[in-house]
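The chain contents come next:
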Amino acid sequence: MTTHTLHAPSRPWYRHVWPWLLMLPPAAAIAFWAVILATMAGPPSLVVDDYAKIGLTYTEDRSRDAAAARLDASARLRADRAGGHVSLLLERPAQAPDTLQLTLAHPLEASRDRVLVLTRNSAGVYHGEAGGLIEGRYDVRLTPPDGAWRLTGRLPADAESLHLDTRLGDKDS
């Protein structure tokens, strides 16, 4: 005579407590490191122009461009890309300060940005050193020491000179 024993049907794995308890520490560690890495990242470094955070958006401040337009400012920039030397002639200076600040902002890599202080010589030409090779395309901003106005433009990767003027609007055309 054979005896048959009845076994209770087994439950699927997700109905047991132990798998969930074993998964809890790795899941907590992943969430902890995700929060740590997110707080260390900080704000994006590609926003380098005159923008003001209003609510959850950024609004561009064009008041310094308008001030340069009122002064009818214009400049011609020449860059020796291999030597890292920059010269600039302020063509229509309403006020020609002794120094100007020239910012070369790389559009993708903040580590390649350069800020140069240009000093004026007796002929009225400003000179500055970039401290090395100037490679690639750059967004250019020229301001006086007090930051009252600015001229902007884009220096293409293959260009050695650039005309900065007071055109408001699209600077690529």
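Going by the structure above, here's the rest.
These numbers were taken from a predicted model, which means no experiment stands behind them.

Time to look at the overall build of the chain. Helix and strand counts for the chain stand at two helices and 10 strands. Put simply, the chain runs from its N terminus to its C terminus through helices and strands in the order α-β-β-α-β-β-β-β-β-β-β-β. Put simply, the chain has 173 residues, and 27% of those count as buried. Expressed as a percentage of contacts within the chain between residues at least 6 apart in sequence, the contacts between residues at least 24 apart total 52%. Roughly 11,600 Å² of accessible area belongs to the chain as shown, and the carbon and sulfur atoms make up 60% of that amount.

With that settled, consider helix α2 (residues 63-71). Within the span of α2, buried status applies to Arg64, Asp65, Ala67 and Ala68. Down the axis of α2, the buried side of the element spans an arc of 160 degrees, and every buried residue falls inside it. Taken together, the buried residues of α2 touch β8 (138-143) and β9 (151-155). Immediately downstream of α2, the backbone of aspartate 72 shows phi near 55 degrees, a positive value.

What follows deals with the packing of aromatic side chains. Following the criterion strictly, the structure yields three aromatic pairs and no others. Ring centres of phenylalanine 32 and tryptophan 33 lie 5.4 Å apart, and the angle between their planes is 75 degrees; on these two criteria the pair is classed as edge-to-face. For phenylalanine 32, a relative accessible area of 47% corresponds to the partly exposed category. Members of the aromatic cluster, connected to one another through ring pairs, are Trp13, Tyr14 and Trp20.

All right, on to the pairing of strand β3 (residues 75-80) then. For a regular strand, side-chain orientation follows a simple rule: the groups alternate between the two sheet faces. A one-sided burial pattern is seen for β3, the buried positions being Ala75, Leu77 and Ala79 and the unburied ones Arg76, Arg78 and Asp80. The sheet contact formed by β3 and strand β4 (residues 85-90) spans six bridges and is antiparallel. Following the sheet pairing, aspartate 80 is matched in β4 by histidine 85. The loop that links β3 with its antiparallel partner β4 comprises four residues; one of these, glycine 84, has a positive phi angle of about 75 degrees. Sheet topology note: the β3/strand β10 (residues 161-164) ladder contains four bridges and is antiparallel. Directly across from leucine 77, in β10, lies its bridge partner leucine 162.

So, about a nonpolar patch on the surface. On the surface, Trp13, Tyr14, Trp20 and Met23 cluster together into a nonpolar patch covering about 480 Å² of accessible area. Within the fold, methionine 23 resides in helix α1 (residues 17-41). Judged by relative accessible area, which is 36%, methionine 23 ranks as partly exposed.

Bringing the pairing of strand β6 (residues 114-120) into the picture now. Pairing of strand β5 (residues 99-105) with β6, which is carried by six bridges, proceeds in the antiparallel orientation. Among the inter-strand pairings, threonine 99 is bridged to a residue of β6, identified as threonine 119. Where β6 meets strand β7 (residues 125-129), two bridges bridge the pair, whose relative direction is antiparallel. Paired with threonine 119 across the strands is histidine 127, a residue of β7. Between β6 and β7, which follow one another and run antiparallel, lie four residues, and glycine 124 among them has a positive phi close to 85 degrees.

Cut-offs used in this document
Residues numbered from 1 in each chain as written. Predicted model: local features only at pLDDT ≥ 70, side-chain atom pairs only at ≥ 80, totals over all residues. Heavy atoms only, no water. Helix = DSSP H or I, 4+ residues; strand = E, 2+ residues; numbered from the N terminus. Buried < 20%, exposed > 50% of the residue type's maximum accessible area, 1.4 Å probe, protein only. Contact = heavy atoms within 4.5 Å. Areas by Shrake-Rupley, 256 points an atom, 1.4 Å probe, with all protein chains shown as cover. Arc of directions from axis to C-beta. Phe/Tyr/Trp six-rings, centres within 6.5 Å; stacked < 30°, edge-to-face > 60°. Pairing = 2+ DSSP bridges. Patch = residues over 30% accessible without salt bridge, like charges linked within 9 Å, V, L, I, M, F, W, Y side chains within 5 Å. Salt bridge = Lys/Arg side-chain N within 4 Å of Asp/Glu carboxyl O.

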